[in-house]
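# Topology and contacts: notes
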Amino acid sequence: MDGISVTLVVFFEDPFYVGVLERVEAGRLCACRTVFGAEPKDVDVLAFILREYDHLKLSPAVEAETRMRAVSPKRAKRDADRRLAREGIGTRSQQALAAGREAMKTERRTQSREQREAQKERLFELKQQKRKEKRRGR
């Protein structure tokens, strides 16, 4: 794959319409999920892409499978069953979005841990300062 392929799929996920944008570049897939609310018209979707494409937060890139030549339906079913047993349910874009959520979760954990430790350190310093002032008779 030499170029970039961008696909936007809009579907109804109760109670809103949701769009999943997939970008495939150099065999790597990135995805982004956005909520449209009411059913978007074609003009609304085009306006969204033109206005927001540069500002979308895409998930981390994952390997994208390239399409191969057609195979017999029975072989395709066997391959799909094997792949489903190995990888689990979900499209590549769903897996990319899940990877993005996991990355954000670990980032949040590290930030909250650092904040917690900074708070403990601040309270400890405050306690030490109070002890020194008490010792000096203030």
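A quick note: this is a predicted structure, and the numbers were derived from the prediction, not measured.

Okay, the side chain of Thr34 next. Among the structural elements, Thr34 can be located in strand E3 (residues 28-37). The contacts of Thr34, once residues within four sequence positions are left out, are Tyr17, Val18, Gly19 and Phe48.

With that settled, consider the confidence of the model for the protein chain. In this model, the protein chain carries a mean pLDDT of 84, and residues with pLDDT of at least 70 account for 92%. Within the protein chain, the lowest mean pLDDT, 79, falls on strand E4 (residues 62-63), and the highest, 92, falls on helix H3 (residues 92-136).

Next up on the list: the nonpolar core. Val24, Leu29, Ala31, Ala64, Ala96 and Leu97 form the largest nonpolar core, which has six residues in total. Mapped onto this core, the elements with two or more residues apiece are E3 and H3. Ignoring anything within four residues of it in the chain, the contact list for Ala31 reads Leu21, Glu22, Lys57, Leu58, Ser59, Ser93, Ala96 and Leu97.

Before going further, it helps to spend a moment on the pattern of salt bridges. For the coordinates displayed, the defined rule picks out six salt bridges. Here Arg23 makes a salt bridge to Glu25, at a shortest N to O gap of 3.8 Å. Using a relative accessible area of 35% as the deciding quantity, one classes Glu25 as partly exposed. Notably, a salt bridge pairs Asp79 with Arg82, separated by 2.9 Å at the nearest N-O pair. Of this pair, Asp79 and Arg82 both sit in helix H2 (residues 73-87), separated by three residues, roughly a single helical turn.

Cut-offs and rules
- Residues numbered from 1 in each chain as written.
- Predicted model: local features only at pLDDT ≥ 70, side-chain atom pairs only at ≥ 80, totals over all residues.
- Heavy atoms only, no water.
- Helix = DSSP H or I, 4+ residues; strand = E, 2+ residues; numbered from the N terminus.
- Contact = heavy atoms within 4.5 Å.
- pLDDT = per-residue confidence, 0-100.
- Core = buried A, V, L, I, M, F, W, Y, C linked by side-chain atoms within 4.5 Å.
- Buried < 20%, exposed > 50% of the residue type's maximum accessible area, 1.4 Å probe, protein only.
- Salt bridge = Lys/Arg side-chain N within 4 Å of Asp/Glu carboxyl O.

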